[in-house]
Amino acid sequence: MNELDGLSALIIEPHAGMRATIHNMLTLCGLSKVDHVGSSNQAIKHLGTKPYDLILCEYGLEGGQDGQQLLEDIRHHKLMPLATMFFMVTAEGDYGKVVSAAELGPTDYILKPFTADRLLERIARALDKRNVFLPVYRLMEAGSQREAIDACLDGEARHPRYLVDFMRLRAELHMFLGEPEQAEPLYRKLIETKAIAWARLGLAKTLFLRERYDEAQDILEHLVDSNKNFVDAYDWLARTHEAVGALDKAQEVLTDAVGVSPHAVRRLRKLGETALEAGDHDTAEKILKQVVSKAKYSEFRDPQDHVLLVQTLVRKGDPVQAAAVIRDLDKSMAFQKHTTVCSAIASSMVHEYTGNEARLNEALASALAGSRDAPELRPELKLELARVAIENRMEEGAAEVVREVMRNARNGAGVARAMAVFEQAGQAELAQKLAQESRQQVVDLVAGGAARAREGDFKGAVVLMQEAVGKLPDNPQVVFNAALAVLKYLDNGGWDERLGQQALGYIAGVRRLDPVNPKLPALAGLHQQILKKYGKGSPVAQPKKAG
């Protein structure tokens, strides 16, 4: 059997004997390029170095993370190409639980025990479907989403057996392009055709993005009530409550979600943050301790989790335990990016509480200096740093931090939260001044890039806006204009592969930060024109046949 020859596979299985068995089966099926790993961390390292055509993952992984949560991490961090086939290997007893767990499931499930013939049959079926969708996937990965929508329409006509899948993909592409009003009728049609949970979730997302929160909430509450394992519905319901300021309800929903999916670090982190913001310090402490513990040996660990836990413990009046958390941070994440500044921020909180003025001043000076080179730090932590600085006569340093948070804010709500730090310190006038200065600085940055482009200095415009994005990665106006500067350079100065990829990244950033920006379609349209101009459209792949 050599119909699968040339495909590459990764086996994720904690037990060596089972890894060898599956490897032998894949060899019998005709796969000659097979890697295998025993843990999720090893899998992530492999996926970071090369793509695979096929992944076979055991659901019951060891180390506190199951296969579904690993799949969520892989997709969230974009470690797997769209064309990769992901099979979840699961016992029959777990199937009912895992099949309804998430919006984006695996390609297929394989129930244990299975034979090589059964495995080949499932791979062949998935490969047939992948070959049908491959032209769309290639267009999507090349940034040609508009052409991908056309390819989906063509696929619906040519492959009616995959009509639902093409419609779903088309709806997701409209959402990606910031067009929820185009996606809504597709999801409604899918719901009419078949009461599919993910279609109802998609409809709720279209309503959420247009701030129709009550309608979204109704759909999401029904989804959660009817399917207790649908964790993505819980996540979006919590977001909907949070959007209208109902933090207590958001915390309640996230608590239920964690009950269903107790090992997903991103979900635990969100619950801890929400509890902390809502003032429920007991819950925040309990959850954030889990986050720190579970993430410690993860490829996606973040020193900011330790700072949130320290903040919680200080608010609870436990500086001794908070100091122990800082020591753990310094030891376990010594070489992690931003560990030094996170340690300094956390230390400033503890020393403020204990009244150790000399060590507080030392920690504050270090934290304020380090925050200048850490635009990726969460604004909440930076604002807590600013509060401590204001309270301890370092207003100039606090103003610099608040000004940077304001410049990098996604929207007016972010600016208002930053203003509140000085307003609560009785300095409302200074808060207004900082907000005005920050807005003007962003305007001047963008105007400077535009002026260079008008003068024909397209390279200079790109350099200026690249620097701006480096400092303000979450400001949608800055990221949008950086994308525009790069596209104008490519249009006028010739194709550059590195900048072409950077343009894709900037456009994706605008979609993440401001998904309903009315200028997004025009920006994406300019990108498509440039790709066509230089013949950079997706190559048509020769799909592999399954027999």
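Here, the structure is the one placed above.
To keep things clear, this report deals only with the structure shown in the data block. Keep in mind the model is a prediction, meaning the values are calculated, not measured. (Residues numbered from 1 in each chain as written. Predicted model: local features only at pLDDT ≥ 70, side-chain atom pairs only at ≥ 80, totals over all residues. Heavy atoms only, no water.)

Time to look at the side chain of Asp302. Tracing the backbone shows Asp302 in the loop between helix H14 (281–295) and helix H15 (304–315). A distance of 2.9 Å separates a polar atom in the side chain of Asp302 from the backbone nitrogen of Gln304. Setting aside residues up to four positions removed in sequence, Asp302 forms contacts with Arg269, Met333 and Arg378. (Helix = DSSP H or I, 4+ residues; strand = E, 2+ residues; numbered from the N terminus. Polar contact = N/O pair within 3.5 Å; in protein donor to acceptor, adjacent residues only side chain to side chain. Contact = heavy atoms within 4.5 Å.)

The peptide bond linking Lys112 to Pro113 adopts the cis configuration, its omega dihedral lying at -5°. Within the secondary structure, Pro113 is located in the loop between strand E5 (108–112) and helix H5 (116–141). With a phi close to 60°, Glu211 is a non-glycine residue in the positive phi region. Using a relative accessible area of 59% as the deciding quantity, one classes Glu211 as exposed. (Buried < 20%, exposed > 50% of the residue type's maximum accessible area, 1.4 Å probe, protein only.)

Here the focus is the packing of helix H23 (residues 458–471) against helix H24 (residues 476–493). Two elements in contact, H23 and H24, have axes whose closest approach is 9 Å; the angle formed by their N-to-C orientations is 155°. On the basis of their axis angle, the class for H23 and H24 is roughly antiparallel. As for how H23 packs across H24, the hand of that crossing is left-handed. Where H23 approaches H24, its residues Phe458, Lys459, Ala461, Val462, Met465, Ala468 and Val469 are matched on the opposing element by Val478, Val479, Asn481, Ala482, Ala485, Val486, Lys488, Tyr489 and Asn492. Among the residues making up the contact of H23 with H24, the classes are represented as 12 nonpolar, two polar and two charged. (Axes fitted to C-alpha atoms, helices over the stretch in contact; angles between N-to-C directions. Parallel < 35°, antiparallel > 145°, perpendicular 65-115°, else oblique. Left-handed = near helix turned anticlockwise from the far one by under 90°. Nonpolar A, V, L, I, M, F, W, Y, C, P; charged D, E, K, R; others polar.)

A ring pair, where both rings are aromatic, is described by two values, the distance of the centres and the angle of the planes. Evaluated as defined, the whole model comprises six aromatic pairs. Judged by centre distance (5.4 Å) and plane angle (65°), the rings of Phe208 and Tyr213 are edge-to-face. Note on accessibility: Phe208 and Tyr213 belong to one class, buried. Among the aromatic residues, ring-to-ring pairing joins Phe133, Tyr137, Tyr162 and Phe166 into one connected group. The positively charged end of Arg168 is found above the aromatic ring belonging to Trp198, 4.0 Å away from the centroid. Sitting above the plane of the Trp236 ring, Arg239 keeps its charged end 4.1 Å from the centroid. (Phe/Tyr/Trp six-rings, centres within 6.5 Å; stacked < 30°, edge-to-face > 60°. Lys NZ or Arg CZ within 6 Å of the ring centre and 35° of its normal.)

What follows concerns the environment of Lys286. Within the secondary structure, Lys286 is located in helix H14. We classify Lys286 as exposed; its relative accessible area is 56%. Residues Lys286 and Val136, 150 residues apart in the sequence, show an inter-C-alpha distance of 45 Å.

With respect to the helices and strands, Lys382 occurs in helix H19 (residues 379–391). Of note is the side chain of Lys382, whose polar atom sits 2.9 Å from the backbone oxygen of Ala374. Within the structure, Lys382 has its side chain in polar contact with the side chain of Glu404 (distance 2.9 Å). The residues touching Lys382, leaving out its near neighbours within four places in the chain, are Ser371, Ala374, Pro375, Leu377, Val401, Glu404 and Val405.

Here the focus is the sheet that holds strand E1 (residues 8–12). Taking strand neighbours across the sheet as the criterion, the five strands line up as E2-E1-E3-E4-E5 in an open arrangement whose pairing is parallel. Taken across any chain shown, the strands that pair with only one partner, and hence form the sheet edges, are strand E2 (33–37) and E5. Neighbouring strand axes in the sheet, compared pairwise and without regard to direction, differ in orientation by 20° on average. Two elements, E1 and E2, share five bridges in a ladder whose sense is parallel. Residue pairing in the sheet places Leu10 in a bridge with Asp35 of E2. Where H5 meets the sheet, its contacts fall on strand E3 (54–58), strand E4 (85–91) and E5, and the angle it forms with E4 comes to roughly 145°. (Pairing = 2+ DSSP bridges.)

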